[in-house]
Amino acid sequence: MKTNRETYIIGNWKMNQDLGAITHFLDEVSDLKTEHHAWIAPQALHIDKCMKLKSEHIQIGAQNCAHEDSGAFTGENSPKTIKELGAHFVIIGHSERRSLYSEGDELLYKKTLKALENELVVVFCIGETLEQREANKVEEVLASQLLNGLRDIDSKNVIIAYEPVWAIGTGVTASPEQAGDAHKFIRGFIDKNLKLEDAQETSILYGGSVKPENIEELMSHEDIDGGLVGGASLKPDSYIMLHKNA
Ligand code: 13P
């Protein structure tokens, strides 16, 4: 039952927002009243600033992290440092990381382990491309991403985000039925094949063109526990409306 699960509206700001926009945003949401967790993932370079400007009810996270705490990994962001900055969570396996930076299951598994070791909550992203959906491979793809990325991980601190690649930044949202079917499948798969917390307790978020206008319908599905939101999380008014409508 959804009522037992935590619900989230997570803003993934990607490589957007300058310091002026961040200051304005965090000021505007400082008195947000919401039943959902209010989490924001700015660029890693802005985590420190966000920690200083945010109010208590907002949690800050990273959009990615390295698979090791330290070493010769030029340009990477250590999960240990992300934790030291005060961040609460990290997004791992976003489709932009998988496709633009060729991050595969094995690396994502290692990143997840390291992030959890550093007591960061992991928002683990999975999702199929349009080609895979048209070839009726949605369940196969989701199963393989879950099994390879999270195989023996035994933790309460993992949230799943189902983000169909064809819905990200396109304005095309999965219908509540499409998203709901995928979420139901994911929950069943976790139950049978993974060691995460009880599948009924695991929050599964939907991402891909979520807006204040469609969040209510999406979240009315019993298996959808919130949104991982890109474009519509950038402006404070829109982020506040997402919370109000969810
Ligand atoms: P949009 O909400 O802009 O489609 O982005 C979704 C996303 O990638 C969130 O991680």
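Look above for the structure.
Fair warning: this is a prediction, and the values are worked out from it, not measured in the lab. (Residues numbered from 1 in each chain as written. Predicted model: local features only at pLDDT ≥ 70, side-chain atom pairs only at ≥ 80, totals over all residues. Heavy atoms only, no water.)

Visitor: Any details on the nonpolar core? Residues and values, ideally.
Guide: Within the largest apolar cluster, 60 residues are counted, with the highest numbers of intra-cluster contacts made by F124, L150, I160, I186, Y206 and Y239. Per-element accounting of this core gives the leading share, 6 residues, to helix α8 (residues 176-193). Residues within four places of L150 in sequence aside, it is in contact with T112, F124, Q145, V158, I160, L194 and L196. Counting residues in hydrophobic clusters, the runner-up holds 13 residues, among them Y8, W39, A41 and L228. (Core = buried A, V, L, I, M, F, W, Y, C linked by side-chain atoms within 4.5 Å. Buried < 20%, exposed > 50% of the residue type's maximum accessible area, 1.4 Å probe, protein only. Helix = DSSP H or I, 4+ residues; strand = E, 2+ residues; numbered from the N terminus. Contact = heavy atoms within 4.5 Å.)

Visitor: I'd like a description of a negative patch on the surface, backed by residues and values.
Guide: On the surface, a cluster of negative charge is made up of E139, E177, D181, E216 and E217. Elements with a contribution of two residues or more to the negative patch: α8 and α9 (215-219). Residue position: E139 is located in helix α7 (residues 138-150). Judged by relative accessible area, E139 falls into the partly exposed class, the value being 47%. (Patch = residues over 30% accessible without salt bridge, like charges linked within 9 Å, V, L, I, M, F, W, Y side chains within 5 Å. Areas by Shrake-Rupley, 256 points an atom, 1.4 Å probe, with all protein chains shown as cover. Salt bridge = Lys/Arg side-chain N within 4 Å of Asp/Glu carboxyl O. Lys, Arg positive; Asp, Glu negative; His and termini not counted. Charge placed at Lys NZ, Arg CZ, Asp CG, Glu CD.)

Visitor: Give me the lowdown on the pairing of strand β5 (residues 121-126), citing residues and values where you can.
Guide: Within a regular strand, the side chains alternate between the two sheet faces. With 6 of 6 residues buried, β5 lies mostly within the body of the structure. Both strand β4 (residues 89-92) and β5 contribute to a ladder of 4 bridges, which runs parallel. When the bridges of β5 are listed, F89 appears paired with V121. (Pairing = 2+ DSSP bridges.)

Visitor: Help me get a handle on the site of the ligand, residues and values and all.
Guide: For the ligand, the set of nearby residues contains 13 residues, the closest of which are K14, H94, E163, G169 and S209. A distance of 3.0 Å is found between an oxygen atom of the ligand and a side-chain nitrogen or oxygen belonging to N12. Between an oxygen atom of the ligand and a side-chain N or O atom of K14, the distance comes to 2.8 Å. Expressed as a share of its isolated accessible area of 310 Å², the protein-covered part of the ligand is 94%. In terms of residue class, the shell around the ligand is built from 4 nonpolar, 7 polar and 2 charged. (Near = heavy atom within 4 Å. Polar contact = N/O pair within 3.5 Å; in protein donor to acceptor, adjacent residues only side chain to side chain. Nonpolar A, V, L, I, M, F, W, Y, C, P; charged D, E, K, R; others polar.)

Visitor: I'd love a proper account of the sheet that holds strand β8 (residues 226-229), names of residues and values included.
Guide: Strand order in the closed barrel formed by 8 strands is β1-β2-β3-β4-β5-β6-β7-β8, with parallel pairing between adjacent strands. Here the average twist between neighbouring strands, direction ignored, is 25 degrees. Sheet analysis places strand β6 (residues 158-162) next to strand β7 (residues 204-207), joined by 3 bridges and oriented parallel. For A161, the partnering residue across the bridge sits in β7 and is L205. Across the sheet, α7 touches β5 and β6, and the angle it forms with β5 is around 150 degrees. Contacts from helix α10 (residues 236-245) reach β1 (8-12), β2 (37-41) and β8 within the one sheet, and its direction differs from that of β2 by about 145 degrees. (Axes fitted to C-alpha atoms, helices over the stretch in contact; angles between N-to-C directions.)

Visitor: Residue-level account of unusual backbone geometry, with values.
Guide: Trans is the common state for peptide bonds, and a negative phi is the common state for residues other than glycine. Of note, the phi angle at Q17 is positive, near 80 degrees, even though the residue is not glycine. With respect to the helices, strands and loops of the structure, Q17 is situated in the loop between β1 and α1 (19-28). In this structure, S102 is a non-glycine residue whose phi angle is positive, near 50 degrees. Mapped onto the elements, S102 comes out in the loop between α4 (95-100) and α5 (105-117).

Visitor: Just give me the short version of the state of the cysteines, but keep the residues and values in it.
Guide: Using the criterion set out here, one finds 0 disulfides in the structure. Distance from the sulfur of C50, which forms no disulfide, to the nearest cysteine sulfur (C65) is 17 Å. Accessibility expressed as a relative area gives 0% for C65, which makes it buried. (Disulfide = S-S within 2.5 Å.)

Visitor: Would you mind going over the packing of α7 against α8 in detail, with residue names and values included?
Guide: The contact between α7 and α8 brings their axes to 10 Å, and the two run at 40 degrees. Comparing the axis directions of α7 and α8 gives the class oblique. At the point where α7 passes α8, the crossing takes the right-handed sense. Along the contact surface, α7 presents E139, L142, A143, L146 and L147, while α8 presents A182, F185, I186, F189 and N193. (Parallel < 35°, antiparallel > 145°, perpendicular 65-115°, else oblique. Left-handed = near helix turned anticlockwise from the far one by under 90°.)

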